Amino acid sequence: MDDLPRRIEEGRAALLARFADRIRATPSLADPAPRGEGPRNAHGMPRLPVKQGEQDELIPMDLGRVPEVSKERWRLTIDGAVEEPLTFTFDELLALPQEERTADFHCVTGWSVLGLTWRGVPLTTLLALARPTAAASHALFHSYDDYSTNLPLEEVLKDDVLLAHELGGAPLAAELGGPARVVTPQLYAYKGAKWVKRIEVLTHDRRGYWEIRGYSNTAYPWRDDREW
Ligand SMILES: Nc1nc2c(c(=O)[nH]1)N[C@H]1C(S)=C(S)[C@@H](COP(=O)(O)O)O[C@H]1N2
Ligand SMILES: [Mo]
């Protein structure tokens, strides 16, 4: 495994080249007039998207139960339309290159928390190792609580999309998705699966839990894009 950094770099470069145009065309990078208030973030977006209220801390949101997933029992599988299906233990996740991202968090129910610092592994790293096939276009994330959520690969591959296991320098609390969760700072937070156990790479779009029940499939906060 000593060629791991090279495999990650080559896989990431190939994916970013392949998806560069689609990444640039996503709403949060191409919107000429994002709606919201406050100073602009690094992507030129107003810090507080339209119809969001700021608060100090995350409110745990779930489907009525917090699944008990110990670090020992936790596994993440990446399969479907990939050349190299993979399963990681929590220790194997920690053995990958770790990165930090400070990002804002926007829940579709109208609250935002600004400036959260997450630590974990970028989704680009995981996909670089699993290598989506030429036909791969989307991913469906499955969680231990039977939640699911879907994204096009151009959203999964954004630099701030992280599989996070620490928040603010501490292990991620169980009610916030620990041992590990996905965060998607440029979209409403229901696009980030807590207690994630499987990333199913797909050659077509397939809707997740809230996307089936009426929440927007695109979930773009600066256009009030909440429902369909
Ligand atoms: N597995 C799972 N992931 C989930 C959810 C869930 O119910 N189950 N809720 C989503 C919603 S609607 C939001 S706003 C965020 C909430 O994250 P928090 O609990 O850390 O505030 O997680 C998202 N990810
Ligand atoms: Mo939410």
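Here goes a summary of the coordinates provided. (Residues numbered from 1 in each chain as written. Chains lettered and ligands numbered in written order. Predicted model: local features only at pLDDT ≥ 70, side-chain atom pairs only at ≥ 80, totals over all residues. Heavy atoms only, no water.)

### Section: the site of ligand 1
Residues in contact with ligand 1 amount to 20 residues; listed here are only the nearest, Ile59, Asp145, Arg181, Gly192 and Lys194. Backbone polar atom of isoleucine 59 to an oxygen atom of ligand 1: 2.5 Å apart, as the coordinates give it. Look at ligand 1: alone it shows 530 Å² of surface, and the protein chains cover 98% of it. (Near = heavy atom within 4 Å. Polar contact = N/O pair within 3.5 Å; in protein donor to acceptor, adjacent residues only side chain to side chain. Areas by Shrake-Rupley, 256 points an atom, 1.4 Å probe, with all protein chains shown as cover.)

### With respect to the pairing of strand S10 (residues 162–167)
Counting buried positions along S10 gives 5 out of 6 residues, so the element sits mostly inside the fold. Where strand S7 (residues 111–122) lies against S10, 5 bridges are found, and the strand directions are antiparallel. Bridging from a neighbouring strand, proline 122 pairs with leucine 162 of S10. Sheet topology note: the S10/strand S11 (residues 170–171) ladder contains 2 bridges and is antiparallel. (Buried < 20%, exposed > 50% of the residue type's maximum accessible area, 1.4 Å probe, protein only. Helix = DSSP H or I, 4+ residues; strand = E, 2+ residues; numbered from the N terminus. Pairing = 2+ DSSP bridges.)

### Regarding the side chain of serine 28
Looking at the element boundaries, serine 28 is found in helix H2 (residues 27–30). Judged by its relative accessible area of 3%, serine 28 falls in the buried class. Of the polar contacts made by the side chain of serine 28, one reaches the side chain of glutamine 186; its length is 2.5 Å. Each residue touching serine 28, except ones within four places of it in the same chain, is listed here: His43, Met45, Lys158, Gln186 and Tyr220. (Contact = heavy atoms within 4.5 Å.)

### Examining the packing of helix H1 (residues 4–24) against helix H4 (residues 123–130)
Look at H1 against H4: their axes get within 8 Å of each other, and the N-to-C directions meet at 100 degrees. Overall, the two elements H1 and H4 adopt an arrangement that is roughly perpendicular. Along the contact surface, H1 presents Leu4, Arg7, Ile8, Gly11, Arg12, Leu15 and Leu16, while H4 presents Thr124, Thr125, Leu127, Ala128 and Leu129. Counted by class, the contact of H1 with H4 contains 7 nonpolar, 3 polar and 2 charged residues. (Axes fitted to C-alpha atoms, helices over the stretch in contact; angles between N-to-C directions. Parallel < 35°, antiparallel > 145°, perpendicular 65-115°, else oblique. Nonpolar A, V, L, I, M, F, W, Y, C, P; charged D, E, K, R; others polar.)

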